[in-house]
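Letter by letter, the chains look like this.
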Amino acid sequence: MSYIALYRQWRPLVFDDVVEQENIVKSLKYSVTIGRIAHAYLFCGTRGTGKTTMAQILSRAVNCLNPHNGNPCNKCDICTGILSGSLLDVMEIDAASNNSVDNVRDIRDEVIYTPARAKYKVYIIDEVHMLSAGAFNALLKTLEEPPSHVIFILATTEPHKLPATILSRCLRYDFRRITVDSIASRLDMISKSNDIDAENEALKLIARLSDGALRDALSILDQCISLGNKKITYTDVLSITGVVNESFISSFVDSISNKDISNVLGLINDLVMEGKDISQFVSTLILYYRNLLLCKLLDNVESTVEASKNSIDTMKLQASNLEKDEIIYITKE
């Protein structure tokens, strides 16, 4: 059997397994339990926060023959058919490659027919903001007067690009970024299930680099596991992602503060020769200066800045030698 990527292998199958979207989970489970199903849903939020996963779970939950507290059983004929992709009553469409008027007209022609086996026909339209203006107009008519057996689930990372006429006809749910602690906890559980010992600092670094996207974090973890080691270290993550360590960033900032051009150029040369990702380094440097600004402005910075105690102490010392306007200027430039 071919290898399955971690983000696919560990994709939640029930609402209760979704990480850090408790309010949305509670609302959808209650709706399924009492049978109060809307005709159109809009799931929006940044990448990797569970929009498509939640849409897939909802498509099974509303059609499941034996639901449990709003969750699909994933064992009945309907659930297994949806999971395998053999049940055509649930369709997942990528709007990035199916964004024309004709594509939406095909859907509009299909919705008039009742489902073959399931209770509802469900259309999951991913990246819906990619639809053309004409396609949105064609979809609008269907959303205005949908048949009772049809549910639309629209997913997007850019809801501001959707026409107001579409937004007003959908039940909207906003998915938030997943916190560093929750991502690290999930990664730790997955690592242990694969008999991998991962350092806590390594998992925290992966979580920070993923920027609130659990899928991105799982992809980085997958890369680390592919090294073939039974232990994942902080250094392994730095090596895989091309990110420099905090001591390097600290030295770079000190050199800028001291106007030591020679040392700055030497450090840049080291970056290039080691094959580090320069754009990633710039992003990390900007984040570091953002943390310096927080250290300058806040008394209790530990609750805001994700870093070790030693790193925070170093940043506090550096921030004390810099003016607020100077930090802001460097960040903007």
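Residues numbered from 1 in each chain as written. Predicted model: local features only at pLDDT ≥ 70, side-chain atom pairs only at ≥ 80, totals over all residues. Heavy atoms only, no water.

Undergrad: Can you walk me through a nonpolar patch on the surface in this structure?
TA: Residues Ile261, Leu265, Ile268, Val272, Met273, Ile278, Val282 and Ile286 make up a contiguous nonpolar surface patch of about 740 Å² in total accessible area. For the nonpolar patch, the elements supplying multiple residues, two or more each, are α13 (261–273) and α14 (278–297). Ranked by residue count, the leading element in the nonpolar patch is α13, at 5 residues. With respect to the helices and strands, Val282 occurs in helix α14. For Val282, a relative accessible area of 39% corresponds to the partly exposed category. (Patch = residues over 30% accessible without salt bridge, like charges linked within 9 Å, V, L, I, M, F, W, Y side chains within 5 Å. Areas by Shrake-Rupley, 256 points an atom, 1.4 Å probe, with all protein chains shown as cover. Salt bridge = Lys/Arg side-chain N within 4 Å of Asp/Glu carboxyl O. Helix = DSSP H or I, 4+ residues; strand = E, 2+ residues; numbered from the N terminus. Buried < 20%, exposed > 50% of the residue type's maximum accessible area, 1.4 Å probe, protein only.)

Undergrad: Could you clarify how one ought to interpret the packing of helix α2 (residues 22–34) against helix α3 (residues 51–61) in this entry?
TA: The packing of two helices is summarised by the inter-axis angle and the distance between the axes. In the contact formed by α2 and α3, the axes pass within 11 Å of each other and the chain directions differ by 15 degrees. Put simply, α2 runs roughly parallel to α3. As α2 packs across α3, the resulting crossing turns out to be right-handed. Where α2 approaches α3, its residues Ile24, Val25, Leu28 and Val32 are matched on the opposing element by Met54, Leu58 and Ala61. Looking at side-chain class alone, the contact of α2 with α3 contains 7 nonpolar, no polar and no charged residues. (Axes fitted to C-alpha atoms, helices over the stretch in contact; angles between N-to-C directions. Parallel < 35°, antiparallel > 145°, perpendicular 65-115°, else oblique. Left-handed = near helix turned anticlockwise from the far one by under 90°. Contact = heavy atoms within 4.5 Å. Nonpolar A, V, L, I, M, F, W, Y, C, P; charged D, E, K, R; others polar.)

Undergrad: Looking at this structure, how should I read α14?
TA: For the α-helix, the turn length of 3.6 residues means that residues three or four positions removed from each other point alike. Taking 1.5 Å per residue, 20 residues should reach 28 Å; α14 reaches 29 Å between its end C-alpha atoms and fits that length. Residues of α14 that are buried: Phe281, Thr284, Leu285, Tyr288, Tyr289, Asn291, Leu292, Leu294 and Cys295. For α14, the secondary structure elements touched by its buried residues are α12 (246–257), α13, α15 (309–320) and α16 (324–332). (Expected span 1.5 Å × (residues − 1).)

Undergrad: How should I be thinking about the pairing of strand β3 (residues 121–126) in this particular structure?
TA: A regular strand places its side chains on the two faces of the sheet in alternate fashion. In terms of burial, β3 is a largely internal element, 6 of the 6 residues being buried. Residues Lys121, Tyr123 and Ile125 point to one face of β3 and Val122, Ile124 and Asp126 to the other, with burial holding for every one of them. The pairing of strand β2 (residues 90–94) with β3 spans 5 bridges and is classified as parallel. Bridge assignment links Met91 to a residue of β3, and that residue is Tyr123. Taking the sense of rotation as the criterion, the β-α-β connection linking β2, helix α5 (residues 101–110) and β3 turns out right-handed. When β3 meets strand β4 (residues 150–156), the two strands line up parallel, connected through 5 bridges. Bridging from a neighbouring strand, Ile125 pairs with Leu154 of β4. For the segment spanning β3, helix α6 (residues 133–144) and β4, crossover handedness is right-handed. (Pairing = 2+ DSSP bridges. Right-handed = clockwise from strand over helix to strand, strands pointing away.)

Undergrad: What should I look at first to understand the pattern of salt bridges in this one?
TA: Oppositely charged side chains can pair when the atoms bearing their charge come close. Here the structure, examined in full by the defined rule, presents 13 salt bridges. Put simply, Asp16 and Lys29 hold a salt bridge, and the shortest N to O gap is 2.9 Å. With Asp16 in the loop between α1 (6–9) and α2 and Lys29 in helix α2, this pair connects stretches of sequence that are 13 residues apart. Here Lys29 falls in the buried class, since its relative accessible area comes to 18%. Among the ionic contacts, a cluster of salt bridges with common partners joins Glu20, Glu22 and Arg176.

Undergrad: I tried to follow the packing of aromatic side chains on my own but got confused; where do I start?
TA: In this description, a pair of aromatic rings is defined by centroid distance and the angle of the planes. Tallied over the entire structure, the rule returns 7 aromatic pairs. Centroid distance Phe43 to Tyr173: 5.9 Å. Interplanar angle 70 degrees. Geometry classified as edge-to-face. Of this pair, Phe43 sits in strand β1 (residues 40–45) while Tyr173 sits in strand β5 (residues 171–175); the two residues are 130 residues apart in sequence, bridging distant segments of the chain. Like Tyr173, Phe43 is buried. Aromatic ring contacts, followed pair by pair, group Tyr41, Phe43, Tyr173 and Phe175 into a single cluster. (Phe/Tyr/Trp six-rings, centres within 6.5 Å; stacked < 30°, edge-to-face > 60°.)

Undergrad: Please explain the nonpolar core as it appears in this structure.
TA: As a rule of thumb, nonpolar side chains are buried together in soluble globular proteins. Counting residues in hydrophobic clusters, the biggest one holds 30 residues, and the most contacted among them are Leu28, Phe43, Met54, Leu58 and Ile153. Looking at this core, the elements that each hand over two or more residues are α2, β1, α3, α4 (77–84), β3, β4 and β5. Counting residues per element, this core draws most heavily on α3, at 5 residues. Leaving out residues up to four positions away in the same chain, Leu58 has contacts with Phe15, Leu28, Val32, Tyr41, Phe43 and Ile153. (Core = buried A, V, L, I, M, F, W, Y, C linked by side-chain atoms within 4.5 Å.)

Undergrad: I would appreciate a short explanation of helix α8 (residues 180–193) in the present structure.
TA: Along its 14 residues, α8 runs 20 Å from first to last C-alpha, staying within 8% of the 20 Å computed at 1.5 Å per residue. Among the residues of α8, Val180, Ser182, Ile183, Ala184, Arg186, Leu187, Ile190 and Ser191 are the ones counted as buried. Of the residues flanking the end of α8, it is Asp195, one or two places downstream, whose phi is positive at about 55 degrees.

Undergrad: What is the right way to look at the sheet that holds β5 in this model?
TA: Strands belonging to one sheet form pairs held by backbone hydrogen bonds; the direction of such a pair is parallel or antiparallel. Taking strand neighbours across the sheet as the criterion, the 5 strands line up as β2-β3-β4-β1-β5 in an open arrangement whose pairing is parallel. Single-partner strands in this sheet number two, and they are β2 and β5. Going from strand to strand, the sheet's axes swing by 15 degrees on average, the running direction of each strand aside. The sheet contact formed by β1 and β4 spans 5 bridges and is parallel. Residue pairing in the sheet places Phe43 in a bridge with Ala155 of β4. Together, β1 and β5 form the strand contacts of α2, whose direction differs from that of β5 by roughly 150 degrees. Of the strands in this sheet, β1, β2, β3, β4 and β5 touch α3, which is tilted by about 155 degrees from β1.

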